[in-house]
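One letter stands for each residue in the lines below.
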Amino acid sequence: DGERSSSSAAAAFYVDSDGLQRQIDELASFSDSPAPSVTRVLYSDKDVQARRYIKGIMNQLGLTIREDAVGNIFGHWEGSEAGLGAVATGSHVDAIPFSGKYDGVVGVLGALEAINMLKRSGFQPKRSLEVIMFTSEEPTRFGISCLGSRLMAGSEELAQSLKETVDNQNVSFFDAADSAGYKMHPEDLHNVFLKKDNYFAFIELHIEQGPILEKEGIQIGVVTAIAAPASIKVEFEGNGGHAGAVLMPARNDAGLAAAELALAVEKHVLESGSIDTVGTVGILQLHPGAINSIPSKSHVEIDVRDIDEKRRNTVIEKVHQSATEISKKRGVVLSEFKIINQDPPALSDKSVISAMEFAAKQLNLEYKLMISRAYHDSLFMARISPMGMIFIPCYKGYSHKPEEYASPEDMANGVKVLALTMAKLSLQ
Ligand code: HGY
Ligand code: MN
Ligand code: MN
Ligand code: MN
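If you're wondering where the values come from, they're calculated on a predicted model, not measured in any experiment. Here the residue numbering is sequential within each chain, running from 1 through the sequence in written order. For naming, the first written chain is A and the first written ligand is 1, with later ones following in the order written. Totals for whole chains, interfaces and linings use every residue, but because this is a predicted model, local features are given only for residues with pLDDT of at least 70 and side-chain atom pairs only at 80 or more, for both listing and counting. Side-chain figures throughout are based on the complete set of non-hydrogen atoms in the structure, without hydrogens or water.

(A) The arrangement of the coordination of the manganese ion (ligand 3) in detail. Listed donor atoms are N, O and S within 2.8 Å of the metal (Na, K and Ca: 3.2 Å). As water is not included, a site may look incomplete. Donor atoms from the polypeptide that bind the manganese ion (ligand 3) are His92 (NE2), Asp103 (OD) and His206 (NE2), placed at 2.0 to 2.3 Å. A separation of 3.6 Å is found between the manganese ion (ligand 3) and the manganese ion (ligand 2), which are bridged by Asp103. Taken together, the positions of Asp103 in the loop between β5 (95–99) and α4 (105–120) and His206 in strand β7 (residues 199–207) put the pair 103 residues apart, joining distant regions of the chain. Judged by its relative accessible area of 8%, Asp103 falls in the buried class. Here the term buried applies to any residue with accessible area under 20% of the maximum for its type, exposed to any over 50%, and partly exposed to those in between, with areas from a 1.4 Å probe on protein chains only. Assessed through its relative accessible area of 1%, His206 is described here as buried. The way it works is that DSSP assigns letters per residue, a run of H or I at least four long becomes a helix, a run of E at least two long becomes a strand, and they are numbered from the N terminus.

Structure below.
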């Protein structure tokens with residue numbers, strides 16, 4: 001009878017937290033750095049192991065699996081009205097060097113557990129449901145963030161640039177993909193592009209990667225916007241030389257130029273006058289990298305973000321001016337100033353936000369509307385589908401480091417909100 005079935009459905013509506021934690025721990029073991037850190041770089045052996053692991057779970061759930069040319073993986077649960085736009089969710093499992101085991105992973109394994117929950121509770125989707133494991137959200141190997149979702153969103157510029165993209169071992173994108181089992185021709189990249197109405201909605205579950213939810217004791221974040229990221233590559237070249245024999249006035253030290261530029265990045269970011277402007281020099285390499293050799297080359301990679309795109313672009317212009325001034329003043333050549341990506345922010349869709357709010361309320365969970373300062377695959381999915389993100393707290397806001405942690409209870413809350421949100425949207 002209705003009463004019993006709904007109560008039994010409610011009883012079945014539980015998260016298998018132990019199973020989810022086991023999967024998170026098992027996935028974390030596919031790593032090129034020692035536990036508790038995780039390093040899992042695009043198309044590496046560990047990445048291939050992780051892909052196989054995720055496909056194994058999708059199989060167990062009875063999902064139909066599809067992979068596109070670059071290795072975006074789609075687990076599909078056919079709905080009764082399969083012709084309608086599907087409701088999708090997903091995230092990434094690649095991990096930057098020496099990072100943690102929850103970034104991205106919660107949005108893939110948690111999404112699969114949400115599907116598991118809905119199946120256990122006897123839910124029947126009207127719109128199909130799809131879990132996506134995006135290829136390479138992190139920029140680690142080729143310097144391109146959200147490579148898979150950027151292509152899915154139809155970036156012609158990326159499809160072109162991948163033809164001459166190599167990693168820092170000079171391995172081409174296509175050779176790296178081939179080594180991971182994704183043999184493709186350049187024109188195959190266009191098949192990755194998705195049509196605008198391919199999805200009815202896309203929702204990503206992710207750890208906050210910030211301290212707000214934990215500090216305020218709030219269980220769920222409902223993301224309203226994702227900040228605008230940009231990344232820049234800079235190279236300086238000088239004469240180098242002997243650290244003892246070349247006197248200071250005769251030097252043009254590419255290393256000091258890089259150091260001065262890094263401080264200029266900080267200065268120009270602080271000049272913006274807004275706490276929402278952030279800038280980081282995460283990579284600064286000196287060549288030849290010997291204590292008694294004046295750096296003849298330096299390589300700097302800069303990450304600048306803001307929720308206000310114009311303010312962010314002003315910082316980029318000032319950094320470019322400083323790079324030019326520093327090169328003149330120090331007599332070094334500014335051999336490269338390349339903007340790798342300069343993306344607009346993304347807004348979450350109002351109807352997806354209200355579906356997430358409804359789910360949180362139904363579960364009696366406290367939630368907070370907030371922006372995401374980290375970027376995600378959702379930033380690009382927002383270009384082809386109404387988008388939303390669900391945040392859960394993480395320990396002290398730590399992320400991109402081994403101390404990253406989300407509690408089983410917080411993950412279970414996120415999985416439940418995701419499951420209810422997807423169910424609600426699937427029946428619309
Ligand atoms: O850097 C980022 O925002 C993302 O976590 N990769
Ligand atoms: Mn990340
Ligand atoms: Mn992430
Ligand atoms: Mn991210």
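More follows now that the structure is in view.
(B) Representation of the coordination of the manganese ion (ligand 2) in the model. Summarising the metal site, the manganese ion (ligand 2) is bound by the protein donors Asp103 (OD), Glu138 (OE) and His400 (NE2), whose distances to it range over 2.1 Å. On the primary sequence, the residues serving as donors to the manganese ion (ligand 2) are separated as D-x34-E-x261-H.

(C) Structural detail: the pairing of β7. In terms of residue burial, β7 counts as a mostly covered element, since eight of its nine residues are buried. Two strands pair if DSSP finds at least two bridges between them. Bridge count for β7 against strand β15 (residues 387–392) is six bridges, and the pairing is parallel. Bridge pairing in β15 links Leu205 to Ile390.

(D) Molecular detail of the site of ligand 1. Each residue is tested against the molecule or strand, and it is near if at least one of its non-hydrogen atoms lies within 4 Å. Ligand 1 sits among Glu137, Glu138, Gln209, Arg305, Ala374, Tyr375 and His400. By the criterion applied in these results, polar contacts are pairs of N or O atoms within 3.5 Å in which, for protein atoms, one can donate a hydrogen and the other can accept it, and in which residues neighboring in sequence qualify only through two side-chain atoms. Here a nitrogen atom of ligand 1 sits 3.1 Å away from a polar atom, N or O, in the side chain of Glu137. Between ligand 1 and the protein, one listed contact pairs an oxygen atom with a side-chain N or O atom of Arg305 at 2.7 Å. For ligand 1, whose free accessible area comes to 210 Å², the fraction covered by protein is 94%. By the convention adopted, Pro, Cys, Tyr, Trp, Phe, Met, Ile, Leu, Val and Ala count as nonpolar, Lys, Arg, Asp and Glu as charged, and the other residues, Gly among them, as polar. Class assignment for the residues of the shell around ligand 1 results in two nonpolar, two polar and three charged. All accessible-area figures derive from a Shrake-Rupley calculation using a 1.4 Å probe, and residue coverage is judged against the displayed protein chains alone.

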